[in-house]
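Tertiary structure, described
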Amino acid sequence: MSELDIDVKKLYGVGAVRAAAYAKIGIRTVGDLIEHYPRGYENRGDVRLLADTSEDSKASVLLTVATQPKIARLKKRMTLLKFRAYDESGSCEITYFNQDFLKNAFPIGAEFRFYGKVGRTKNGYTMSSPAYELYSEEVILPPLVPVYPLTEGLTGKQISKDMKAALSIASYAEADVDPLPDEIRIRHSLCVESYARRQIHAPDSFAALAKAKKRLIFDELLYFALGVNMSGAKGSKKQSALPCADTDISELLALLPYELTGAQKRAISEIGEDMSREVAMNRMVVGDVGCGKTVVAAAAIYIAVKSGRQAALMAPTEILATQHFYDLRELLGKLGIRCELLVGSLTAAQKRKVRERIASGESDVLIGTQALISDEVEFARAGLVVADEQHRFGVGQRAILAEKNKLSHMLVMSATPIPRSLALAMYGNLDVSRIDEMPKGRQRVDTYVVDESYRARLNGFISKQVESGGQVYIVCPAVEDRLEDEADLLMDEIDAEGGVRTSPPLKSAVSYAANLEDVFPQYRVAFLHGKMKGKEKDAIMGDFAAGKIQILVSTTVIEVGVNVPAASLMIVENAERFGLSQLHQLRGRVGRGNRKSYCVLVSESASTEGRAKERLMTMKDCYDGFDIAEKDLLMRGPGDFLKGSGEESVRQSGGVKFRLAELCDDAELLKIAFDEGKALLAASPDLSLYPALAARVKKMFTLEDGTIN
């Protein structure tokens with residue numbers, strides 16, 4: 001066993017309670033801890049004079065202690081430790097609450113680097129409980145101090161202490177052999193892994209941090225490329241399936257109140273051709289929100305049932321599964337096809353009866369959530385498996401559903417148009433049907449880019465939409481406001497050259513919703529985010545769909561959601577923080593009914609020149625999802641296609657959890673990783689020549705329960 005596999009409880013000071021807290025965020029070994037990367041950094045190396053600081057943000061100041069610390073006793077057994085320190089621009093009163101042990105920590109004449117907010121008073125400056133480090137010319141203090149993702153029961157200080165111990169162990173580990181072949185590393189000017197590990201947790205400079213970030217992102221992309229191509233090689237071995245040869249869908253088409261687009265007809269034709277064979281279909285349908293993928297899935301289901309088979313459709317949320325059920329039951333029921341719904345909110349008796357009707361063959365189509373992959377569900381004559389919003393399910397989940405339905409065809413659907421080059425790289429083992437036309441009559445959503453100066457007019461526009469019967473989505477990039485201990489610099493603000501991209505403060509869904517309740521007391525305002533429980537999210541989304549909520553403030557969790565025809569206005573706050581493809585998906589949530597609809601992108605970057613403005617202005621003039629995706633890949637890199645859809649899942653990765661790759665802003669890096677991955681597999685298809693690489697790939701594709709994703 002490698003030292004990296006040592007239980008985290010073996011680290012000094014990590015007991016059962018802290019180990020349990022670590023386990024909640026997937027950290028069980030020393031290696032897991034090392035891969036718990038910072039979400040940002042405190043920029044303590046930017047030392048300023050007291051007079052040059054701002055009250056609105058934290059700063060580093062180098063101060064000399066001027067007075068002996070004194071302790072005052074307050075009410076309720078509280079204590080206050082207070083002393084003064086100074087620099088050439090002024091004097092600062094420093095206080096600590098309930099930290100008597102610091103009484104002898106600040107000798108008069110000693111210099112310290114203090115970090116925190118600097119307040120102003122009549123007598124000078126104040127700092128309350130700042131971080132402190134003894135300064136001397138002999139010891140170089142770290143310029144960037146990591147800020148880690150936390151959970152209940154863990155503090156930043158505890159993680160930093162444990163991380164130092166873990167990195168010390170890693171430096172002696174047998175497995176600390178760089179898994180990346182030297183020729184690849186040298187060819188692409190990548191630093192060694194051990195350097196990257198150290199610098200990501202304790203960077204010497206912005207440039208060193210950028211090097212570390214690039215190497216670790218490349219590693220994740222390479223492991224992903226290897227895993228996808230290896231699973232694709234397995235999947236390329238043609239699986240048998242029962243042919244569904246009756247592909248005549250004229251009766252179904254006669255029921256539709258509209259004519260299919262050319263792209264829909266093409267996709268259905270490709271699906272029908274696949275399903276008529278004795279080789280299992282393995283096809284993905286990709287297209288914009290509202291392009292008509294559901295009717296394509298309905299056609300596939302109709303072909304399966306008409307050919308004497310059953311079909312299963314799995315959706316990521318209960319509310320989306322329920323919407324599919326009602327839509328398909330209304331359409332297919334007219335043709336004598338019996339649809340069933342299996343979701344968590346059903347009673348035990350209702351679930352049992354649904355399973356019995358599917359197992360006996362009495363019903364033809366089963367629609368539901370992950371309940372479909374439970375051991376109790378059995379199909380009488382399975383023929384087709386459909387996974388909607390495929391990025392919300394891991395490869396393993398789809399595989400379980402497919403295993404339960406042996407000899408079945410597989411159809412997966414994605415509402416994220418992705419560039420063809422990316423699709424080929426990431427889904428080489430899938431046939432792809434692109435629906436690149438929108439149905440006739442679908443209204444174009446007028447798009448505007450504004451800055452904060454338009455706020456009053458925007459509030460007036462919200463009121464106008466609601467008063468005329470419309471509903472409003474407002475999307476924020478954060479769930480809650482930044483806490484006091486948040487990082488100055490987020491990881492994604494540090495670019496490949498070691499520069500820093502500064503961003504305006506993020507609007508948060510929780511505080512913004514509270515603010516809007518004051519602005520619009522006459523309307524019902526609600527907020528929605530991915531940290532909520534599933535039932536709570538479904539209830540809020542259900543109320544919004546029913547018109548009981550007029551204004552819904554949300555994170556990007558609504559990017560994949562139900563159809564709300566009355567929704568006529570989409571406002572995206574801090575729009576510069578989203579990728580073009582994300583913005584396009586969000587825009588697609590409105591304009592789904594007969595109402596004229598609008599999308600307003602709010603960004604301080606809109607009032608300045610630069611790349612952010614260029615990207616946002618692209619949204620004003622471009623409405624083709626695939627064209628936008630290509631531009632997004634060129635301008636922002638592949639990260640937006642890899643990271644979570646909203647804050648809770650990996651989007652196009654098939655369920656693999658990325659730690660840093662979602663921050664990749666270099667499309668060429670992804671191409672290099674996939675090209676190198678294919679070359680490695682050509683030399684060693686099972687990676688037996690590269691055991692360290694094989695181990696990393698296996699870890700990436702292994703789920704919490706030990707199964708392969």
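These numbers were taken from a predicted model, which means no experiment stands behind them.

Procedures and definitions
Residues numbered from 1 in each chain as written. Predicted model: local features only at pLDDT ≥ 70, side-chain atom pairs only at ≥ 80, totals over all residues. Heavy atoms only, no water. Salt bridge = Lys/Arg side-chain N within 4 Å of Asp/Glu carboxyl O. Pairing = 2+ DSSP bridges. Helix = DSSP H or I, 4+ residues; strand = E, 2+ residues; numbered from the N terminus. Right-handed = clockwise from strand over helix to strand, strands pointing away. Phe/Tyr/Trp six-rings, centres within 6.5 Å; stacked < 30°, edge-to-face > 60°. Buried < 20%, exposed > 50% of the residue type's maximum accessible area, 1.4 Å probe, protein only. Axes fitted to C-alpha atoms, helices over the stretch in contact; angles between N-to-C directions. Contact = heavy atoms within 4.5 Å. Patch = residues over 30% accessible without salt bridge, like charges linked within 9 Å, V, L, I, M, F, W, Y side chains within 5 Å. Areas by Shrake-Rupley, 256 points an atom, 1.4 Å probe, with all protein chains shown as cover. Parallel < 35°, antiparallel > 145°, perpendicular 65-115°, else oblique. Nonpolar A, V, L, I, M, F, W, Y, C, P; charged D, E, K, R; others polar. Core = buried A, V, L, I, M, F, W, Y, C linked by side-chain atoms within 4.5 Å. pLDDT = per-residue confidence, 0-100. Expected span 1.5 Å × (residues − 1). Arc of directions from axis to C-beta. Polar contact = N/O pair within 3.5 Å; in protein donor to acceptor, adjacent residues only side chain to side chain. Left-handed = near helix turned anticlockwise from the far one by under 90°.

This brings us to the pattern of salt bridges. All chains considered together, the criterion is met by 36 salt bridges. Note that Glu42 is salt-bridged to Arg44, the shortest N-O span being 2.7 Å. Connected through shared salt-bridge partners, Glu270, Glu273, Asp274, Arg277 and Arg283 make up one network.

Looking now at the pairing of strand S22 (residues 525–528). Pairing geometry for S22 and strand S23 (residues 551–554), over four bridges, is parallel. In the strand pairing of S23, Phe527 is matched with Val553. Taking the sense of rotation as the criterion, the β-α-β connection linking S22, helix H16 (residues 534–545) and S23 turns out right-handed.

Scanning all chains against the criterion turns up 15 aromatic pairs. Consider the rings of Phe461 and Tyr598, whose centres lie 5.1 Å apart with planes at 75°: the pair is edge-to-face. With Phe461 in helix H14 (residues 455–467) and Tyr598 in strand S25 (residues 598–602), this residue pair connects regions lying 137 residues apart in the sequence. By relative accessible area, Phe461 is classed as partly exposed at 22%. Grouped by ring-pair contacts, the aromatic residues Phe83, Tyr96, Phe106, Phe112, Phe114 and Tyr132 constitute a single cluster.

On to the sheet that holds S25, then. The strand order S19-S25-S24-S20-S23-S22 describes an open sheet built from six strands, whose pairing is parallel. What marks the edges here is a single partner per strand, and that holds for strand S19 (446–450) and S22. Within the sheet, the average angular offset between the axes of one strand and its neighbour, ignoring direction, is 20°. Relative to S23, strand S20 (residues 471–475) is paired through four bridges, and the arrangement is parallel. Bridge pairing in S23 places Tyr473 opposite Leu552. Here H14 sits on the sheet in contact with S20, S23, strand S24 (567–572) and S25, set at roughly 160° to S24. Helix H17 (residues 580–587) rests against S19, S20, S24 and S25 of the sheet, and its axis sits at about 155° to S24.

Before going further, it helps to spend a moment on a nonpolar patch on the surface. Together, Leu74, Met78 and Phe97 make up an exposed nonpolar region whose accessible area comes to about 240 Å². Tracing the backbone shows Leu74 in the loop between strand S4 (70–73) and strand S5 (79–87). Residue class for Leu74 comes out partly exposed when judged on its relative accessible area of 39%.

What follows concerns the packing of H17 against helix H19 (residues 625–636). Two numbers describe how H17 lies on H19: the axes approach to 8 Å, and their chain directions differ by 150°. Here H19 runs roughly antiparallel to H17, going by the angle between their axes. Facing Leu580, Ser581, His584 and Arg587 of H17, the residues of H19 in contact are Gly625, Ile628, Ala629, Lys631, Asp632 and Met635. Its residues placed into classes, the contact of H17 with H19 shows four nonpolar, three polar and three charged.

Positive phi outside glycine occurs at Asn574, with the angle close to 50°. Its relative accessible area of 7% is what places Asn574 among the buried residues. The backbone of Leu687 sits at a positive phi, close to 60°, despite the residue not being glycine. When you line up the elements, Leu687 lands in the loop between helix H21 (667–683) and helix H22 (691–700). Judged by relative accessible area, Leu687 falls into the buried class, the value being 1%.

Before going further, it helps to spend a moment on the nonpolar core. Membership of the largest hydrophobic core comes to 47 residues, with the highest contact counts inside it found for Ile200, Phe218, Leu221, Leu222, Phe224 and Leu226. Among the secondary structure elements, those contributing two or more residues to this core are helix H5 (193–201), helix H6 (206–235), H19, helix H20 (639–642), H21 and H22. Examining the composition of this core, we find that twelve residues originate from one element, H6, more than from any other. With 44 residues, the next largest nonpolar core counts Ile249, Ala263, Met281 and Phe325 among its residues.

Below, the discussion takes up the environment of Gly534. Its place among the elements puts Gly534 in helix H16. A relative accessible area of 42% means that Gly534 is categorised as partly exposed. Sequence-wise, Gly534 and Glu318 are 216 residues apart; in three dimensions their C-alpha atoms are separated by 8.2 Å.

Our focus in this paragraph is the confidence of the model for the protein. Low-pLDDT stretches of the model should not have their predicted coordinates read in fine detail. Confidence along the protein averages 85 in pLDDT terms, with 88% of residues attaining 70 or more. Within the model, pLDDT remains below 50 along residues 644–654, and this stretch shows 55 contacts once partners closer than five positions in the same chain are excluded.

What follows deals with H16. Under the 1.5 Å per step criterion, the end-to-end length of H16 is 16 Å for twelve residues, consistent within 8% with the ideal 16 Å. Those residues of H16 not exposed but buried are Lys537, Asp538, Ile540, Met541 and Phe544. Viewed along the axis of H16, the buried residues span an arc of 165°, placing them on a single side of the element. The secondary structure elements touched by the buried residues of H16 are helix H10 (318–332), S20, S22, S23 and S24.

Taking strand neighbours across the sheet as the criterion, the seven strands line up as S14-S15-S13-S16-S17-S12-S18 in an open arrangement whose pairing is parallel. Every interior strand has two partners, whereas the edge strands, strand S14 (339–342) and strand S18 (431–435), have only one. With direction set aside, neighbouring strand axes in the sheet form an average angle of 20°. Of the strand pairs in this sheet, S14 and strand S15 (residues 365–368) are connected by four bridges, and their pairing is parallel.

Bringing the side chain of Gln471 into the picture now. Relative to the helices and strands, Gln471 is located in strand S20. In this structure the side chain of Gln471 is engaged in a polar contact, spanning 2.6 Å, whose partner is the backbone oxygen of Phe544. Setting aside chain neighbours within four positions, we find Gln471 in contact with Phe544, Gly547, Ile549, Gln550, Val564, Ala566, Ala567, Ser568 and Leu569.

For Ile494, the position within the fold is in the loop between strand S21 (489–490) and helix H15 (509–519). Residues Ile494 and Leu209, spaced 285 residues apart in sequence, show a C-alpha to C-alpha distance of 8.3 Å.

This part takes up the packing of H17 against helix H18 (residues 611–621). For the pair H17 and H18, interaxial distance at closest approach is 10 Å and the crossing angle is 35°. Of the two elements, H17 crosses H18, and the hand of that crossing is right-handed. Together, Leu580, Leu583, His584 and Arg587 of H17 and Arg615, Leu616, Thr618 and Met619 of H18 make up the contact between the two elements. In the contact of H17 with H18, the residues fall into four nonpolar, two polar and two charged.

Before going further, it helps to spend a moment on the pairing of strand S9 (residues 124–128). In the sheet, strand S6 (residues 90–97) pairs with S9 via four bridges, with the strands oriented parallel. When the bridges of S9 are listed, Thr95 appears paired with Ser128. What sits between strand S8 (residues 119–121) and S9 in their antiparallel hairpin is a turn of two residues.

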